[in-house]
Amino acid sequence: MRHIAAAFLFLIFACSTAALAQETTGTISGRIIDAQGLAMPGATVVITGAQGTKQAVTDEQGRFSVPFLTPGKYDIRAQLQGFKPIEQKGVTLGLGQIVELPLQMEVGSFSEAVQVTGSADILSARTTTTGANITSDMLQRVPVGRNLSSTLYLAPGVSSSGTAGEANPSIAGGSGLDNHYVVDGVNVTNQGYGALGSYSIIFGSLGNATPFDFMQEVQVKTGGYEAEYGQATGGVVNVITKSGSNVVRGSAFGYMRPDALEGDWKQYESVNGSVQTVGTRTADGGVEMGFPIVKDKLFFFGAFDPGREETMLRAPAGFPLESLGDVKRVRDTRTYSTKATWQLGGAHRIDASFFGDPSTGDNGPQRLQAMRAVDTSRYSSLTYGGHSQTVRYNGAPSSRWLLEANWARALNEIQETLRWTPGR
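Analysis parameters
Residues numbered from 1 in each chain as written. Predicted model: local features only at pLDDT ≥ 70, side-chain atom pairs only at ≥ 80, totals over all residues. Heavy atoms only, no water. Helix = DSSP H or I, 4+ residues; strand = E, 2+ residues; numbered from the N terminus. Buried < 20%, exposed > 50% of the residue type's maximum accessible area, 1.4 Å probe, protein only. Contact = heavy atoms within 4.5 Å. Areas by Shrake-Rupley, 256 points an atom, 1.4 Å probe, with all protein chains shown as cover. Phe/Tyr/Trp six-rings, centres within 6.5 Å; stacked < 30°, edge-to-face > 60°. Pairing = 2+ DSSP bridges.

**Student:** Quick one: what's the story with the overall build of the protein chain, residue by residue and with numbers?
**Tutor:** A count of helical and extended segments in the protein chain gives 3 helices and 25 strands. Within the protein chain, buried positions represent 44% of all 424 residues. The long-range fraction of contacts in the protein chain, counting pairs at least 24 apart against all pairs at least 6 apart in sequence, stands at 65%. Of the roughly 20,800 Å² of accessible surface on the protein chain, a fraction of 56% belongs to carbon and sulfur atoms.

Structure (structure tokens):
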């Protein structure tokens, strides 16, 4: 029976990690030695972050490892009877990173403490992945568009893909439709075209997948990434959203880019007539809040960010609809996201995320060719965007086993309501 149970656990572990594993956390590990360079077994390591503390005990080699940590800043304290406790504060842990901490303890009073300064080594010989981690702190300090796709251009090796649109950049020379997009372990890649979220050959990519202000970190993998991302032949974009903590925090925000701040749009005319864009304006506003439901155990974070995009279009010179002057094309997005984190002791955690970007386009010239018609009968309306849900378990059943299990569902669509038949 003992062998059968072990085999059953192995199958669960293999199926969960091979089929569903995606990086949503990080790991802090290290080795503790004494002044002679000898391993320090039995030392207690306490790691304190925004969601409380976790503990580990060093093994016979003096090593410790604390996996499944939410990306952020941590304080580390190691102690052992007969030695001075050692502390290192403000260690930054990124998404998918393994922070290695070499610590040295000195003989002395337990009441004394050694403070370690300097940054931790985040370079790991355990991975061949190249790319960049873009944090929410960085996004608040640099001018960047308020959507997921705009943040990708901050990573090296990312450039415009041309025909696939700005929302689907070329990563490491690949096509804009060769990338793999994951948010909180949910694959939000359009399965028909390989694009971000809702996509069609008529409208390209529409929507934001998740609120800009809800993203904690964006990891752009340009090469050498793991086999779990085998569906990608271009790059991999892995996003982790914010989590609640023991500190109550929140904000209300509003952003606007009026067309008065734009330069003049280049106007041109083709033989068959060109629809002119004469201005665009965008605006969004909303709220975000995170708080503990049960201190050190259960946390919540949520955000709601409705937005509007308006594009002013003008029919080609000499066409019937030129008499309308500037025509406004309106698209509204109601982006939302919620996340709950439950810490079941120090070795187990469950995260549940629900996010989406349900959007509509008002009846109007959603297709540019509608402005070349003889009347407004070719106007149309849009319903697009989607909803995603995920529940994820991370745990360490024993000192030798790590278990990850994930359930995820993503729905993205574009539906156009027409009063005419395309091509006629």
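**Student:** Can you break down the packing of aromatic side chains residue by residue, with the values?
**Tutor:** One pass over the full model with this rule turns up 3 aromatic pairs. Seen in terms of ring centroids, phenylalanine 214 and phenylalanine 301 are 5.4 Å apart; in terms of plane orientation they differ by 40°. Their pairing is tilted. Of this pair, phenylalanine 214 sits in the loop between β15 (204–206) and β16 (215–223) while phenylalanine 301 is found in strand β20 (residues 298–314), placing the two residues 87 residues apart along the sequence. Residue phenylalanine 214 is classed as buried on the basis of its relative accessible area, which comes to 0%. Under the relative-accessibility criterion, phenylalanine 301 is labelled buried at 1%. Here the aromatic rings of phenylalanine 253 and tyrosine 255 are separated by 6.2 Å at their centres, their planes lie at 45°, and the arrangement is tilted. Residue classification places phenylalanine 253 among the buried residues on the basis of a relative accessible area of 13%.

**Student:** Break down the sheet that holds strand β13 (residues 186–187) for me, with residues and values.
**Tutor:** Overall, mixed pairing links the 5 strands, which are arranged β9-β16-β17-β12-β13 in an open sheet. If you trace the sheet from one side to the other, it starts and ends with β9 (130–135) and β13, each paired once. By the bridge criterion, 2 bridges tie strand β12 (residues 180–183) to β13 in an arrangement that is antiparallel. Within the sheet, the bridge partner assigned to valine 182 lies in β13 and is asparagine 187.

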